Amino acid sequence: MPERHADANDRDRLLERQRILADFGDFALQSEDLDAVLTEACRLVAEAMQTRRAKILEIEEDGRTLLVRAGTGWSAEVVGHTRIPMDETSSESYSIREGAPVISRDITTDGRFSVPPFMRDEGVAALANVPIFLPGGRPYGLLQVDDTEARDFDGDDSEFLRTYATILGPVIDRLFALRDQRSTEARYRAFVNASADQVFRLSLDFGDLRDLDERGRLVALQGTPANWLDHFAHDEDRPALREAMEAAIRTGAPFETEHRSADGTKWLLTRIVPLRDSENAIVEWMGTARDITGQKEAELHLRENEEQHALLLNLSDALRPLVDPAEIQATACRHLAEELSVDRVYYVELDHAAGRASVARDHVEPGVMSLAGMHRIADFAWSVDLLRADRHVIRDTRVSDLVPEADRQAAAALDIIACAGAPLIKGGELVGALCVTNGQPRNWTAHDLQLLREVADRTYAAILAGRADAARSRSEARLASDLAATSRLRDLGERLVTEESIGAIHEEVLDAALAILSADAGSVQLHDPGSRSLYLLTTRGFDERLTRHLARVDVDGPTACARAIRSGARVIARLDESEAGEIGRINVAAGYRSVQATPLISRSGAILGVLSTQWRAADHSPDQRDLHFIDLLARQAADLIEQRRAARALREREAQLQGFGEASSDVLWIRDAETLGWTYLSPAFERIYGMPRQSALAGDTLGNWLSLVVEEDRDLARRNLQRVLEGERVTFEYKIRRPSDGEIRWLRNTDFPIRTVAGEVAWIGGVGHDATDEIRMRDRLELLVAELQHRTKNLMGVVLSIGEQTLGTSASLPDFAVRFRRRMDALARVNTLLSRLDVGQRVTFDEVIGAEIDALDEVSLRAGKVRLDGPPGIALRSSGLQTFALALHELATNALKYGALAHPQGRLDVFWRLEEIEGRPWLRVDWHETGVPLGDEADRQRPRGAGRRLIEEGLPYQLGARTSFVLSRGGVRCSIAVPASQQGRTGTGPD
């Protein structure tokens, strides 16, 4: 009976648990709330197990803790808040790890596992738990029942819990999936509504297009045309899209493609995937279109930047080993031309002061003209102005407003249609630019211009670095060369200072020059000013023919050495068969193509010869610093040569001077510059100065000399001595009084400084010449010249006046010739009188009137028809003599032709006397003609022109004369009063 009762209890318990499982299953199917399902599961399992507590622990994401996710019989502070660690000592961790249930009858005595504090605090005495696994064996957590009293959980209890956990796992997984689905749908709708992507649906054949409404639901687009693709994609991209759609229809595979919008302003990324039914059949297509314009631009910019970076890296690698600016420019231009695909790239450097633009190298495509070379900035002023303003970007120079119309044709002729330039402005000044040109119009992109600037800056920096490296290398090499040259010159100077042989000096100097200049040949030539020739002294590297032709060279010839002598400066020349005559051709035949010739000029300025060197290289240009050492060498050599020659010449000159001074008619003397006392006097001193040499050289010689100089000239003598002491060469004249006879003599001294080798004035040399006779003659000649100039000026004025008056009163050219000849004869007679006078003498009136009357008519004179009456010796003023004599000639000519001398009964009387008017002497002349019939033809024909005008107008105007002219009964009556000379016939002062 008890067994049947136990079986009945077991059966009832089993049925109860089955009911509980069924109730849980119904509840789980109807509920989508995971927390509610888990809480109900705990309640039902506690009821089935007849415990007051049950809980579900969930493994948290960190995998190290368990959260009391749901429970029954536990306080609210525990459920949802309490966490226990998953350590190895806990029964919970063990159950999950082993995948098996754990039963503890009495946790207080069961030492296998640790118990969480919150369970001890709640008085838990016994527990049973089983792990919960999700489909696929993924552990979720633990189902556990707890009792506050010790209890034996049997095998049925354990199996029930396992069955319960097995049902609970899929339920939890389903609710997880449902939760995730709802979350995904919510996120999807939120994404669709918030996304900038366009979401759309397409029918199975891609013919119908649908879109999402503002609530995220897919609806049919209103009015979508059948050719919706034409409004969705660029015409160039449509074929590829159609091909992708056709392939998707055939294969059912999704596809993705990038294409442009219909207007080409945007880039779109279109993704299309199939939507399938439960039988995996495609029912429609779902698509998105994302605007990726920014991405494409970024990709393009990134690609351009990567290309630019690669170019700049390659360019830097290519430029790094280069130091030659031209090679740097060529390399940079080539790299940039390849990258930008342009016709021409050139780097230009500007020299504004010289007005020049230099292109050392450029890169041009075949058939395009190179711009390498020198150009005038003025020819491309518009381009320079644009570079300076950083606006040198032109699509088409033929139509651009940036290019002056006058310059467009020139630009096109150079194949410059499109152009751009990156200016290099340093220190506020445009120093250069990197420019690109194209033979066709081109829209320059920002990438093009950025790359152009980057390359320009790197090229400029590379050129500066290259020049700095080259300068440093040159400086180091130059320093070593300078040290070697300095050492050579020092050693040479030490050797030559004791060398007496001029020939040895020549050879040492030439060897040093060849070494300093690294020359292939050379020579030293001596200059002979007398013969204007250069004579060869020593050579190196010359063959016999060249030596023979250079043995003597004409200084006036075309050779470099001759030009150096003429100019007194170095000559550097290219040897050419067409230049420098026969010697140039022989040099070329000997293999020499370049030459420098440096004149050997001593410190005194004397050109002693030429130091020449030759090179086999054409157009060789020696370094300026090497030439500086050659200048030092040339000066050193010239000084040594001059010193040796001077020492030899000095000995010769001393002997010559002694002989010359003894024979000279001039006084030669030398003074000490410090004391100014004579150290030498030539014998001519005694004759010129009238004093014995011994007396002059005794005691204070300067005082002795100054005592002979007349007092008014002594300061002049002292001043000129001081000028010579200061380095001048002076010539001056002064007077002395000779003690021997008291005569005043004029001396002309030429004094000059005599210097030491150091250039200091040590002596004063002088030549004293007795110039007394010369000075007297000079004074007389000066008076004669002044008189001649005065008379000539007057004569020319008179001749001009005579010609004009005669021409105006002549009836014909023959008449003019006769009249002009007679008047010139009269003028000649007066000038004959003037020419016979000494300086200061005057012609008298009786001489003038006598000469004029004598030239008229000897018959009249013999017949006593002419009477001259007046005192002799009245001197006339020379300044108006010709005009006065011409007036007398006119009166005499009229008397001979029409007046008293033309009629048998006629008579001429000429009276003159000296009067004083206003305190000055005047000559009065009265001309009286008688016996001339009135009213006859002769009277009517008498001229009233030039002669009368000369008397009535010319004499008063030119001489200040007082005149009257009257045609009275019996003939002409004329009175003339003119100022006479105040000096008399032999006066020497002015009139």
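Residues numbered from 1 in each chain as written. Predicted model: local features only at pLDDT ≥ 70, side-chain atom pairs only at ≥ 80, totals over all residues. Heavy atoms only, no water.

Chemist: Please explain the overall build of the chain as it appears in this structure.
Modeler: In terms of helices and strands, the chain carries 27 helices and 35 strands. When the 991 residues of the chain are sorted by exposure, 44% land in the buried category. For the chain, contacts bridging at least 24 residues in sequence account for 56% of all contacts bridging at least 6. Summed over all atoms, the accessible surface of the chain reaches about 51100 Å², with 51% contributed by carbon and sulfur. (Helix = DSSP H or I, 4+ residues; strand = E, 2+ residues; numbered from the N terminus. Buried < 20%, exposed > 50% of the residue type's maximum accessible area, 1.4 Å probe, protein only. Contact = heavy atoms within 4.5 Å. Areas by Shrake-Rupley, 256 points an atom, 1.4 Å probe, with all protein chains shown as cover.)

Chemist: How should the nonpolar core be read in this particular structure?
Modeler: Counting 37 residues, the largest nonpolar core has Phe845, Phe884, Leu923 and Trp927 as the members making the most contacts within it. Those elements that provide at least two residues to this core are helix 23 (845-854), helix 25 (881-897), strand 32 (907-917), strand 33 (920-930), helix 27 (946-959) and strand 35 (971-979). Looking at this core, the element that brings in the most residues is helix 25, giving nine residues. When near neighbours in sequence (up to four residues on either side) are disregarded, Leu923 contacts Phe845, Ile874, Leu876, Phe884, Trp912, Arg913, Leu914, Ile976, Ala977, Val978 and Ala980. Grouped together as the second largest cluster of nonpolar side chains are 35 residues, Ala126, Leu134, Tyr140 and Ile172 included. (Core = buried A, V, L, I, M, F, W, Y, C linked by side-chain atoms within 4.5 Å.)

Chemist: Explanation requested: the side chain of Arg238 in the structure shown.
Modeler: As for its position among the elements, Arg238 is in helix 6 (residues 238-251). From its side chain, Arg238 meets the backbone oxygen of Ala233 in a polar contact 2.8 Å long. Beyond its immediate stretch of four places on either side in the chain, Arg238 contacts Leu229, Asp230 and Ala233. (Polar contact = N/O pair within 3.5 Å; in protein donor to acceptor, adjacent residues only side chain to side chain.)

Chemist: When you look at the sheet that holds strand 23 (residues 571-574) in this model, what are you seeing that I'm missing?
Modeler: Two modes of strand pairing occur in sheets, parallel and antiparallel, and in both the strands are linked by backbone hydrogen bonds. A sheet is described by the order of its strands in space; here six strands give the open sequence 22-21-20-25-24-23, paired in antiparallel fashion. Every interior strand has two partners, whereas the edge strands, strand 22 (552-554) and strand 23, have only one. Between one strand axis and the next, the sheet turns through 25° on average, direction left out of account. Bridging between strand 21 (residues 533-540) and strand 22 involves three bridges; their strand directions are antiparallel. By the bridge assignment for strand 22, Leu534 is matched with Val553. Packing against the sheet, helix 12 (residues 502-517) makes contact with strand 20 (521-528), strand 21, strand 24 (594-601) and strand 25 (607-615), and its axis sits at approximately 70° to strand 21. (Pairing = 2+ DSSP bridges. Axes fitted to C-alpha atoms, helices over the stretch in contact; angles between N-to-C directions.)

Chemist: Where do I start with the sheet that holds strand 30 (residues 761-770) in this structure?
Modeler: Taking strand neighbours across the sheet as the criterion, the five strands line up as 27-26-30-29-28 in an open arrangement whose pairing is antiparallel. Each edge of the sheet is formed by a strand with only one pairing partner; in this case those strands are strand 27 (678-681) and strand 28 (730-737). Each strand axis lies, on average, 25° off the axis of its neighbour in the sheet, ignoring direction. Relative to strand 30, strand 26 (residues 667-672) is paired through six bridges, and the arrangement is antiparallel. Bridge pairing in strand 30 places Val667 opposite Gly768. The sheet contacts of helix 19 (residues 701-708) involve strand 26, strand 27, strand 28 and strand 29 (744-755), and relative to strand 28 the element is tilted by about 70°.

Chemist: Which parts of the structure should I look at to understand the pattern of salt bridges?
Modeler: Think of it this way: side chains of opposite charge can pair up when their charged atoms draw near. The final tally for this structure, using the stated rule, is 52 salt bridges. As a salt-bridge pair, Asp317 and Arg320 come within 3.0 Å of each other at their nearest N and O atoms. For Arg320, a relative accessible area of 59% puts it in the exposed group. Within this structure, Glu16, Arg19, Asp23, Glu40, Arg43 and Glu47 form a network of salt bridges that share partners. (Salt bridge = Lys/Arg side-chain N within 4 Å of Asp/Glu carboxyl O.)

Chemist: How should I be thinking about helix 19 in this particular structure?
Modeler: Think of an α-helix as 3.6 residues a turn; residues three or four steps apart then line up on the same face. For helix 19, a buried count of six out of eight residues is recorded, marking the element as mostly surrounded by other parts of the structure. When helix 19 is considered as a whole, its buried residues turn out to be Thr701, Leu702, Asn704, Trp705, Leu706 and Leu708. Two or three places before Leu702, at the opening of helix 19, Asp700 has a side-chain oxygen 3.3 Å from that residue's backbone nitrogen.

Chemist: Where do I start with the packing of aromatic side chains in this structure?
Modeler: The relative placement of two aromatic rings is captured by the distance of their centres and the angle of their planes. Within the structure shown, the criterion is met by 13 aromatic pairs. Ring centres 5.5 Å apart and planes at 45° place the aromatic pair Tyr94 and Phe113 in the tilted group. Placement of the pair is Tyr94 in helix 3 (residues 91-98) and Phe113 in the loop between strand 4 (102-104) and helix 4 (117-121), with a sequence separation of 19 residues. Note on Tyr94: relative accessible area 31%, which makes it partly exposed. For Phe113, a relative accessible area of 16% translates into the label buried. A connected cluster of aromatic rings, assembled from ring pairs, spans Phe24, Phe160 and Tyr164. Over the aromatic face of Trp74 sits the side chain of Arg53, whose NZ or CZ is 5.1 Å from the ring centroid. (Phe/Tyr/Trp six-rings, centres within 6.5 Å; stacked < 30°, edge-to-face > 60°. Lys NZ or Arg CZ within 6 Å of the ring centre and 35° of its normal.)

Chemist: Looking at this structure, how should I read helix 12?
Modeler: Between the first and last C-alpha of helix 12 there are 23 Å, a value that for 16 residues agrees with the 22 Å anticipated at 1.5 Å per step. Residues of helix 12 that are buried: Ile502, Ile505, His506, Val509, Leu510, Ala512, Ala513, Leu514, Ile516 and Leu517. (Expected span 1.5 Å × (residues − 1).)

Chemist: Would you mind going over the packing of helix 19 against helix 20 (residues 714-725) with me for this structure?
Modeler: Pairs of packed helices are described in terms of their axes, by the angle between the two and the distance that separates them. Relative to each other, helix 19 and helix 20 sit at 140°, their axes nearing to 9 Å. In terms of orientation, helix 19 and helix 20 fall into the oblique class. Between helix 19 and helix 20 lies a crossing whose hand is right-handed. Where helix 19 approaches helix 20, its residues Leu702, Trp705, Leu706 and Ser707 are matched on the opposing element by Arg714, Ala717, Arg718 and Leu721. (Parallel < 35°, antiparallel > 145°, perpendicular 65-115°, else oblique. Left-handed = near helix turned anticlockwise from the far one by under 90°.)

Chemist: Which parts of the structure should I look at to understand the pairing of strand 31 (residues 866-869)?
Modeler: Side-chain direction in a regular strand flips from residue to residue, so the side chains alternate between the two faces of the sheet. The pairing of strand 31 with strand 32 spans four bridges and is classified as parallel. Across the sheet, the residue bridging to Asp869 is Phe911, located in strand 32. The β-α-β motif built from strand 31, the intervening helix 25 and the parallel element strand 32 has left-handed crossover chirality. (Right-handed = clockwise from strand over helix to strand, strands pointing away.)

Chemist: Honestly, unusual backbone geometry in this entry has me stumped. Any pointers?
Modeler: Most peptide bonds take the trans configuration, and most residues that are not glycine carry a negative phi. Positive phi values are uncommon outside glycine, yet Asn280 reaches one of about 70°. Relative to the helices and strands, Asn280 is located in the loop between strand 11 (267-276) and strand 12 (282-291). Phi is positive for Ser341, which is not a glycine, with a value near 55°. As for its position among the elements, Ser341 is in the loop between helix 8 (325-340) and strand 13 (344-351). A relative accessible area of 56% means that Ser341 is categorised as exposed.

Chemist: Is there a simple way to explain the side chain of Arg745 in this structure?
Modeler: By the secondary structure assignment, Arg745 is in strand 29. Given the relative accessible area of 12%, Arg745 is considered buried. At 2.7 Å, the side chain of Arg745 forms a polar contact with the side chain of Glu743. A distance of 2.9 Å separates a polar atom in the side chain of Arg745 from a polar atom in the side chain of Asp770. When neighbours within four sequence positions are excluded, Arg745 is seen to be in contact with Tyr734, Lys735, Ile736, Arg738, Asp770 and Thr772.

Chemist: Would you mind going over the packing of helix 23 against helix 25 with me for this structure?
Modeler: In the contact formed by helix 23 and helix 25, the axes pass within 10 Å of each other and the chain directions differ by 40°. Of the possible angle classes, the one that applies to helix 23 and helix 25 is oblique. Crossing of helix 23 over helix 25 shows right-handed handedness. Facing Phe845, Val848, Ile849 and Glu852 of helix 23, the residues of helix 25 in contact are Leu881, Phe884, Ala885, Leu888, His889 and Ala892. Considering only residue class, the contact of helix 23 with helix 25 consists of eight nonpolar, one polar and one charged. (Nonpolar A, V, L, I, M, F, W, Y, C, P; charged D, E, K, R; others polar.)

Chemist: When you look at the state of the cysteines in this model, what are you seeing that I'm missing?
Modeler: Note on terminology: disulfide describes a covalent bond linking the sulfur atoms of two cysteines. A full pass over the atoms with the stated rule returns zero disulfides. Left unpaired, Cys333 is separated from the closest cysteine sulfur, that of Cys435, by 9.4 Å. (Disulfide = S-S within 2.5 Å.)

Chemist: Help me understand the environment of Gly63 in this model?
Modeler: For Gly63, the location among the structural elements is in the loop between strand 1 (53-59) and strand 2 (65-72). Residue classification places Gly63 among the partly exposed positions, given a relative accessible area of 40%. Separated by 22 residues in sequence, Gly63 and Pro85 have C-alpha atoms that sit 9.5 Å apart.

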